[in-house]
Protein chains: 2
Amino acid sequence: MPAAASRPRTLPTASAARAARMAEIFHALSDPTRLLIFEALRGGEQCVCNLTGILEAQQSRLSFHLKTLKDAGLVNDRREGRWIHYSLDPDALEEVRSALDDLTRAAKSSAAACCRR
Amino acid sequence: MPAAASRPRTLPTASAARAARMAEIFHALSDPTRLLIFEALRGGEQCVCNLTGILEAQQSRLSFHLKTLKDAGLVNDRREGRWIHYSLDPDALEEVRSALDDLTRAAKSSAAACCRR
DNA sequence: CGAATATATCTACAAATCTTGATATGTCAA
DNA sequence: TTGACATATCAAGATTTGTAGATATATTCG
């Protein structure tokens, strides 16, 4: 990694890694079905059977989306007898929130003198 | 699907529409390249030529991602001579933030009695 | 006008994603 | 055990997305 100018150079590796994680989170939230699941879980833990009722989702389809959310670390599951309960992961919630804050905070500074004729 | 308990029924249409819009926003943010663009724009308006330098992106690829962000309403463009400047859309920023707040707020209530043996 | 520059759009194509239907796994109850 | 239930996983096809390269459009400059 060579010298650094004052302004932006090429993508810093750290930034790239963070971007990848954020992309993963946002991707998990980028589907309507998953958002509805997410909303359903806001009120607290729900078993899959309840979710099947709430959404009009086929069983395997629901399972697929739950897995996507879980792989992204947004939800946790817990087995109780033959039922499996999903809930939002509080840490992930915080991560999402701060990711977005990072993203949107500190806008509006200099209009970066650029491309002046 | 028998009688309704106290809790959620089927998906309310309003909720579905909102979920679709939120999904659109989150989808726009679900790619590392786009997130880097987004970050680059936090500091203020940038012309495409600057962005090409910041990211290691081919011209058409950058254009593609800018269009995606624009279609989702997250950025605006403005032509000035032969250059085109992109900037974050303040309203969209607010929309994103409140979408996320909606999503994460008000978790933790009743663990919805469900599937009791 | 014609050339050069900045950027968008089009065209394939590869890879990722979503959906459905079928099957597997784990758990309880008779 | 066996069967019923709850859920996950697999397989295949349709759709969407991202990339690269080629070409088109707008704008300035000479």
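Structure's up top.
Conventions used here
- Residues numbered from 1 in each chain as written.
- Chains lettered and ligands numbered in written order.
- Predicted model: local features only at pLDDT ≥ 70, side-chain atom pairs only at ≥ 80, totals over all residues.
- Heavy atoms only, no water.
- Pairing = 2+ DSSP bridges.
- Helix = DSSP H or I, 4+ residues; strand = E, 2+ residues; numbered from the N terminus.
- Contact = heavy atoms within 4.5 Å.
- Axes fitted to C-alpha atoms, helices over the stretch in contact; angles between N-to-C directions.
- Near = heavy atom within 4 Å.
- Polar contact = N/O pair within 3.5 Å; in protein donor to acceptor, adjacent residues only side chain to side chain.
- Nonpolar A, V, L, I, M, F, W, Y, C, P; charged D, E, K, R; others polar.
- Parallel < 35°, antiparallel > 145°, perpendicular 65-115°, else oblique.
- Left-handed = near helix turned anticlockwise from the far one by under 90°.

(A) Spatial organisation of the sheet that holds strand β2 (residues 75-80) of chain B. Residue and element names in this part refer to chain B. Across the sheet, which stays open at both edges, the three strands sit in the order β1-β3-β2 with antiparallel pairing between neighbours. Looking at which strands have only one partner, the edges of the open sheet turn out to be β1 (46-47) and β2. Examined bridge by bridge, β2 and strand β3 (residues 83-88) share six bridges and lie antiparallel to one another. From the neighbouring strand, V75 faces β3, where its bridge partner is L88. Contacts between helix α2 (residues 32-42) and the sheet are confined to β1, β2 and β3, with β3 contributing the most and set at about 90° to the helix.

(B) Just the protein's contact with DNA strand D, in detail. Around DNA strand D, 22 residues are found, and the nearest of them are C49, Q59, S63 and Y86 of chain A together with H65 of chain B. In the interface set of DNA strand D, defined as its atoms within 4 Å of the protein, sugar plus phosphate atoms amount to 72%. Within the side chain of H65 of chain B, an N or O atom sits 2.4 Å from a phosphate oxygen of DNA strand D. Looking at the surface near DNA strand D, the elements that each hand over two or more residues are α3 (48-54), α4 (59-71) and β3 (83-88) of chain A together with α4 (59-71) of chain B. A breakdown of the residues in the surface near DNA strand D according to their chemical character gives six nonpolar, eight polar and eight charged.

(C) Representation of the sheet that holds strand β2 (residues 75-80) of chain A in the model. Residues and elements named next belong to chain A. Spatial strand order, β1-β3-β2: three strands in an open sheet with antiparallel pairing. Each having just a single partner strand, β1 (46-47) and β2 make up the two edges of the open sheet. Its contacts with the sheet put helix α2 (residues 32-42) on β1, β2 and β3, and the angle it makes with β3 is roughly 90°.

(D) Just the packing of helix α1 (residues 13-28) of chain B against helix α5 (residues 90-104) of chain B, in detail. Residue and element names in this part refer to chain B. Their axes nearest at 11 Å, the elements α1 and α5 cross at an angle of 120°. With respect to their mutual orientation, α1 and α5 come out oblique. Of the two possible hands of crossing, α1 and α5 adopt the one that is left-handed. Contact with α1, carried on its side by R18, R21, M22, I25 and F26, involves E95, V96, A99, L100, D102 and L103 of α5 and no other residues of that element. Of the residues belonging to the contact of α1 with α5, the class tally is seven nonpolar, no polar and four charged.

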